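Architecture at a glance
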Amino acid sequence: MATREEVLSHLDEILRPEKFSDYCPNGLQVEGRGRIESLMTGVTASQALLDCAVSAEVDAVLVHHGYFWQGEDARVTGMKAQRLRTLLRADINLFAYHLPLDAHETWGNSVQLAEQLGLEVEGLLDEKDSSLGRIGQVRDTASADALRQRFTEILGHPVLWAGPESDAPVSKIGWCTGAGQKMIEHAVRLGLDAFISGEISEPTAHVARECGIHYFACGHHATERYGVAALGAHLAEHFGVSHEFVDLPNPA
(Lines give C-alpha, C1' and ligand atoms only; values in the text may rest on other atoms or scores of the structure.)
Protein backbone atom coordinates (compact mmCIF):
# COMPACT_ATOMS: atom_id res chain seq x y z
CA MET A 1 0.00 0.00 0.00
CA ALA A 2 1.15 3.54 -0.71
CA THR A 3 -0.23 7.04 -0.59
CA ARG A 4 -0.96 8.95 -3.76
CA GLU A 5 1.78 11.42 -2.86
CA GLU A 6 4.33 8.63 -2.35
CA VAL A 7 3.61 7.14 -5.76
CA LEU A 8 3.76 10.54 -7.46
CA SER A 9 6.98 11.48 -5.71
CA HIS A 10 8.63 8.20 -6.69
CA LEU A 11 7.54 8.48 -10.32
CA ASP A 12 8.78 12.06 -10.57
CA GLU A 13 12.07 11.09 -8.93
CA ILE A 14 12.86 8.27 -11.35
CA LEU A 15 11.38 9.74 -14.57
CA ARG A 16 12.56 13.35 -14.09
CA PRO A 17 9.76 15.09 -16.06
CA GLU A 18 11.32 18.51 -15.41
CA LYS A 19 14.05 17.63 -17.93
CA PHE A 20 11.58 17.52 -20.83
CA SER A 21 9.72 20.11 -22.86
CA ASP A 22 6.62 18.00 -23.45
CA TYR A 23 3.27 18.34 -25.18
CA CYS A 24 1.21 17.55 -22.08
CA PRO A 25 1.51 17.70 -18.29
CA ASN A 26 3.40 14.75 -16.82
CA GLY A 27 2.54 13.29 -13.44
CA LEU A 28 -0.81 13.21 -11.67
CA GLN A 29 -3.41 14.39 -14.20
CA VAL A 30 -6.59 13.49 -12.31
CA GLU A 31 -6.67 13.24 -8.53
CA GLY A 32 -8.43 10.30 -6.93
CA ARG A 33 -8.37 8.55 -3.57
CA GLY A 34 -5.45 9.11 -1.22
CA ARG A 35 -4.30 5.52 -0.75
CA ILE A 36 -3.25 3.16 -3.53
CA GLU A 37 -3.38 -0.62 -3.20
CA SER A 38 -4.10 -1.54 -6.82
CA LEU A 39 -2.81 -0.20 -10.14
CA MET A 40 -3.78 -0.70 -13.77
CA THR A 41 -1.50 0.29 -16.64
CA GLY A 42 -2.16 0.78 -20.34
CA VAL A 43 -0.84 2.72 -23.31
CA THR A 44 -3.66 5.29 -23.53
CA ALA A 45 -6.26 6.54 -21.05
CA SER A 46 -9.10 5.66 -23.41
CA GLN A 47 -12.65 5.13 -22.25
CA ALA A 48 -12.19 1.39 -22.73
CA LEU A 49 -9.23 1.34 -20.34
CA LEU A 50 -11.11 3.44 -17.79
CA ASP A 51 -14.05 1.05 -17.95
CA CYS A 52 -11.66 -1.82 -17.22
CA ALA A 53 -10.26 0.14 -14.26
CA VAL A 54 -13.73 0.77 -12.85
CA SER A 55 -14.70 -2.90 -13.25
CA ALA A 56 -11.50 -4.00 -11.52
CA GLU A 57 -12.02 -1.38 -8.77
CA VAL A 58 -8.41 -0.20 -8.95
CA ASP A 59 -7.14 2.85 -7.13
CA ALA A 60 -4.95 4.26 -9.91
CA VAL A 61 -4.32 4.11 -13.63
CA LEU A 62 -0.89 4.78 -15.16
CA VAL A 63 -0.58 5.46 -18.89
CA HIS A 64 1.80 6.78 -21.52
CA HIS A 65 -0.84 8.82 -23.35
CA GLY A 66 -2.92 10.88 -20.96
CA TYR A 67 -4.88 14.09 -21.36
CA PHE A 68 -4.58 17.89 -21.78
CA TRP A 69 -2.44 17.99 -24.91
CA GLN A 70 -1.12 21.26 -26.31
CA GLY A 71 -3.46 22.81 -28.83
CA GLU A 72 -6.54 20.76 -27.93
CA ASP A 73 -9.89 22.35 -27.10
CA ALA A 74 -9.82 23.18 -23.39
CA ARG A 75 -13.59 22.77 -22.95
CA VAL A 76 -14.72 19.74 -20.94
CA THR A 77 -17.40 18.37 -23.26
CA GLY A 78 -18.18 15.19 -25.16
CA MET A 79 -15.56 12.44 -25.03
CA LYS A 80 -13.32 14.40 -22.64
CA ALA A 81 -16.18 15.02 -20.22
CA GLN A 82 -17.14 11.33 -20.22
CA ARG A 83 -13.57 10.20 -19.52
CA LEU A 84 -13.11 12.66 -16.67
CA ARG A 85 -16.56 11.85 -15.28
CA THR A 86 -15.63 8.16 -15.20
CA LEU A 87 -12.44 8.82 -13.23
CA LEU A 88 -13.96 11.32 -10.81
CA ARG A 89 -17.07 9.24 -10.05
CA ALA A 90 -14.91 6.21 -9.29
CA ASP A 91 -12.32 8.28 -7.37
CA ILE A 92 -9.50 6.80 -9.48
CA ASN A 93 -6.11 8.53 -9.85
CA LEU A 94 -4.70 9.03 -13.33
CA PHE A 95 -0.93 9.22 -13.72
CA ALA A 96 0.52 9.90 -17.18
CA TYR A 97 4.11 10.20 -18.39
CA HIS A 98 4.85 10.87 -22.04
CA LEU A 99 8.41 11.78 -23.14
CA PRO A 100 9.93 10.89 -19.75
CA LEU A 101 8.70 7.33 -20.21
CA ASP A 102 9.97 7.16 -23.79
CA ALA A 103 13.46 8.11 -22.68
CA HIS A 104 14.04 6.24 -19.41
CA GLU A 105 17.14 4.05 -19.49
CA THR A 106 15.46 1.12 -17.72
CA TRP A 107 11.67 1.34 -18.11
CA GLY A 108 11.60 3.53 -21.20
CA ASN A 109 9.76 2.53 -24.35
CA SER A 110 12.90 2.52 -26.50
CA VAL A 111 14.86 0.27 -24.12
CA GLN A 112 11.95 -2.07 -23.49
CA LEU A 113 11.18 -2.38 -27.22
CA ALA A 114 14.81 -3.31 -27.87
CA GLU A 115 14.51 -6.17 -25.39
CA GLN A 116 11.44 -7.47 -27.18
CA LEU A 117 12.90 -7.23 -30.69
CA GLY A 118 16.36 -8.59 -29.88
CA LEU A 119 18.33 -5.37 -30.28
CA GLU A 120 21.52 -4.57 -28.36
CA VAL A 121 21.48 -0.98 -27.09
CA GLU A 122 24.80 0.76 -27.70
CA GLY A 123 23.99 4.46 -27.37
CA LEU A 124 21.67 7.36 -28.01
CA LEU A 125 20.29 8.21 -31.42
CA ASP A 126 20.80 11.92 -30.82
CA GLU A 127 22.10 13.57 -27.64
CA LYS A 128 20.02 16.69 -28.37
CA ASP A 129 16.65 14.87 -28.50
CA SER A 130 16.21 14.13 -24.78
CA SER A 131 17.57 10.60 -25.25
CA LEU A 132 14.31 9.39 -26.82
CA GLY A 133 15.88 7.14 -29.46
CA ARG A 134 18.60 4.52 -29.34
CA ILE A 135 21.14 2.93 -31.66
CA GLY A 136 22.61 -0.54 -31.54
CA GLN A 137 22.98 -3.89 -33.21
CA VAL A 138 20.57 -6.60 -34.28
CA ARG A 139 21.49 -9.64 -32.16
CA ASP A 140 20.65 -12.12 -34.92
CA THR A 141 21.35 -10.32 -38.19
CA ALA A 142 19.00 -11.01 -41.08
CA SER A 143 17.71 -9.46 -44.27
CA ALA A 144 15.20 -6.65 -44.09
CA ASP A 145 12.37 -8.95 -45.20
CA ALA A 146 13.27 -11.54 -42.57
CA LEU A 147 13.35 -8.82 -39.90
CA ARG A 148 9.98 -7.50 -41.02
CA GLN A 149 8.50 -10.97 -40.59
CA ARG A 150 10.25 -11.42 -37.23
CA PHE A 151 9.04 -8.09 -35.86
CA THR A 152 5.50 -8.79 -37.07
CA GLU A 153 5.45 -12.10 -35.22
CA ILE A 154 6.93 -10.68 -32.00
CA LEU A 155 4.67 -7.64 -31.85
CA GLY A 156 1.53 -9.31 -33.18
CA HIS A 157 1.12 -6.30 -35.45
CA PRO A 158 1.67 -5.95 -39.22
CA VAL A 159 4.96 -4.18 -39.88
CA LEU A 160 5.31 -1.90 -42.92
CA TRP A 161 8.66 -1.71 -44.67
CA ALA A 162 10.20 0.82 -47.03
CA GLY A 163 13.75 1.05 -48.34
CA PRO A 164 16.25 -0.28 -50.85
CA GLU A 165 15.74 -3.63 -52.56
CA SER A 166 18.52 -5.59 -50.90
CA ASP A 167 19.05 -8.98 -49.29
CA ALA A 168 22.13 -7.79 -47.40
CA PRO A 169 21.99 -8.53 -43.64
CA VAL A 170 20.88 -5.69 -41.41
CA SER A 171 23.20 -5.11 -38.46
CA LYS A 172 23.47 -1.44 -37.43
CA ILE A 173 20.05 -0.14 -36.43
CA GLY A 174 18.34 2.80 -34.75
CA TRP A 175 14.88 3.16 -33.30
CA CYS A 176 12.45 5.57 -31.65
CA THR A 177 8.98 4.41 -30.65
CA GLY A 178 5.63 6.02 -31.45
CA ALA A 179 5.64 8.91 -33.91
CA GLY A 180 9.42 9.09 -34.28
CA GLN A 181 9.56 8.55 -38.04
CA LYS A 182 11.25 11.90 -38.72
CA MET A 183 14.24 10.73 -36.71
CA ILE A 184 15.15 8.49 -39.63
CA GLU A 185 17.26 11.45 -40.75
CA HIS A 186 19.50 10.98 -37.68
CA ALA A 187 19.90 7.32 -38.63
CA VAL A 188 20.89 8.30 -42.17
CA ARG A 189 23.57 10.69 -40.89
CA LEU A 190 24.93 7.95 -38.63
CA GLY A 191 25.20 5.52 -41.55
CA LEU A 192 22.87 2.92 -40.00
CA ASP A 193 21.43 0.03 -41.98
CA ALA A 194 17.89 0.45 -40.71
CA PHE A 195 15.54 2.48 -38.54
CA ILE A 196 12.42 1.48 -36.57
CA SER A 197 9.55 3.62 -35.38
CA GLY A 198 5.84 3.26 -34.83
CA GLU A 199 4.36 5.25 -37.71
CA ILE A 200 5.18 6.05 -41.31
CA SER A 201 4.51 9.35 -43.06
CA GLU A 202 4.42 9.89 -46.81
CA PRO A 203 7.94 11.42 -46.94
CA THR A 204 9.42 8.58 -44.86
CA ALA A 205 9.29 6.08 -47.71
CA HIS A 206 11.12 8.45 -50.04
CA VAL A 207 13.84 9.15 -47.48
CA ALA A 208 14.34 5.41 -46.95
CA ARG A 209 14.55 4.59 -50.66
CA GLU A 210 16.70 7.53 -51.71
CA CYS A 211 19.10 7.29 -48.77
CA GLY A 212 19.42 3.50 -48.91
CA ILE A 213 18.17 2.77 -45.39
CA HIS A 214 15.55 0.21 -44.37
CA TYR A 215 12.57 1.61 -42.47
CA PHE A 216 10.19 -0.45 -40.35
CA ALA A 217 6.89 1.05 -39.16
CA CYS A 218 5.94 -1.30 -36.33
CA GLY A 219 2.86 0.49 -34.98
CA HIS A 220 2.54 3.43 -32.59
CA HIS A 221 0.62 1.44 -30.00
CA ALA A 222 2.59 -1.76 -30.56
CA THR A 223 5.96 -0.09 -29.96
CA GLU A 224 4.82 1.70 -26.80
CA ARG A 225 3.22 -1.14 -24.84
CA TYR A 226 6.29 -2.31 -23.01
CA GLY A 227 7.51 0.72 -21.10
CA VAL A 228 4.36 1.39 -19.10
CA ALA A 229 3.94 -2.32 -18.36
CA ALA A 230 7.50 -2.54 -17.04
CA LEU A 231 7.06 0.62 -14.98
CA GLY A 232 3.84 -0.73 -13.49
CA ALA A 233 5.62 -3.94 -12.50
CA HIS A 234 8.32 -1.86 -10.82
CA LEU A 235 5.74 0.10 -8.83
CA ALA A 236 4.03 -3.10 -7.76
CA GLU A 237 7.31 -4.47 -6.41
CA HIS A 238 8.44 -1.19 -4.87
CA PHE A 239 5.19 -0.39 -3.04
CA GLY A 240 3.68 -3.84 -2.61
CA VAL A 241 0.56 -3.01 -4.65
CA SER A 242 -1.24 -5.19 -7.17
CA HIS A 243 -0.71 -4.45 -10.85
CA GLU A 244 -2.41 -5.40 -14.10
CA PHE A 245 -1.37 -4.30 -17.59
CA VAL A 246 -4.28 -4.13 -20.02
CA ASP A 247 -3.38 -4.25 -23.70
CA LEU A 248 -6.38 -3.02 -25.65
CA PRO A 249 -6.21 -3.69 -29.42
CA ASN A 250 -5.27 -0.73 -31.59
CA PRO A 251 -4.57 -0.95 -35.33
CA ALA A 252 -2.45 2.22 -35.33
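A brief report on the enclosed structure follows. (Residues numbered from 1 in each chain as written. Predicted model: local features only at pLDDT ≥ 70, side-chain atom pairs only at ≥ 80, totals over all residues. Heavy atoms only, no water.)

Bringing the nonpolar core into the picture now. The biggest cluster of nonpolar side chains holds 20 residues, and the ones touching the most others in it are Val7, Leu11, Leu62, Phe95, Tyr97 and Leu231. When residues of this core are traced back to their parent elements, those giving at least two are helix H1 (4-15), strand E5 (60-65) and helix H10 (226-239). Among the elements that line this core, the one with the most residues is H10, at six residues. Ranked by size, the runner-up nonpolar core spans 19 residues in total, among them Ala114, Ile173, Ala194 and Ile196. (Core = buried A, V, L, I, M, F, W, Y, C linked by side-chain atoms within 4.5 Å. Buried < 20%, exposed > 50% of the residue type's maximum accessible area, 1.4 Å probe, protein only. Helix = DSSP H or I, 4+ residues; strand = E, 2+ residues; numbered from the N terminus.)

Here the structure, examined in full by the defined rule, presents one cavity of 30 Å³ or more. Its volume calculated, the largest cavity comes out at about 50 Å³. Together, Val7, Ile36, Leu39, Ala60, Phe95, Leu235, Phe239 and Val241 line the largest cavity. Its residues assigned to classes, the lining of the largest cavity comprises eight nonpolar, no polar and no charged. (1 Å grid on protein atoms, 1.4 Å probe; cavity = no way out; pocket = protein on both sides within 12 Å on 5 of 7 lines; lining within 4 Å. Points joined across faces, edges and corners; volume = space filled by probe spheres on them. Nonpolar A, V, L, I, M, F, W, Y, C, P; charged D, E, K, R; others polar.)

Once that is clear, we can look at the sheet that holds strand E8 (residues 134-142). If you walk across this open sheet you meet the six strands as E7-E8-E10-E11-E12-E9, and the pairing is mixed. Of all the strands in the sheet, just strand E7 (119-124) and strand E9 (160-162) have a single pairing partner and so form its edges. Sheet twist, expressed as the average angle between the axes of neighbouring strands with direction ignored, equals 25°. (Pairing = 2+ DSSP bridges. Axes fitted to C-alpha atoms, helices over the stretch in contact; angles between N-to-C directions.)

What follows covers unusual backbone geometry. We note that arginine 16 has phi near 55°; this positive angle belongs to a residue other than glycine. Tracing the backbone through its elements, the reader meets arginine 16 in the loop between H1 and strand E2 (27-30). On the basis of relative accessible area, arginine 16 is assigned to the partly exposed category, the value being 38%. A positive phi is found at aspartate 91, a non-glycine position, where the angle reads about 60°. Within the secondary structure, aspartate 91 is located in the loop between helix H3 (78-90) and strand E6 (93-96).

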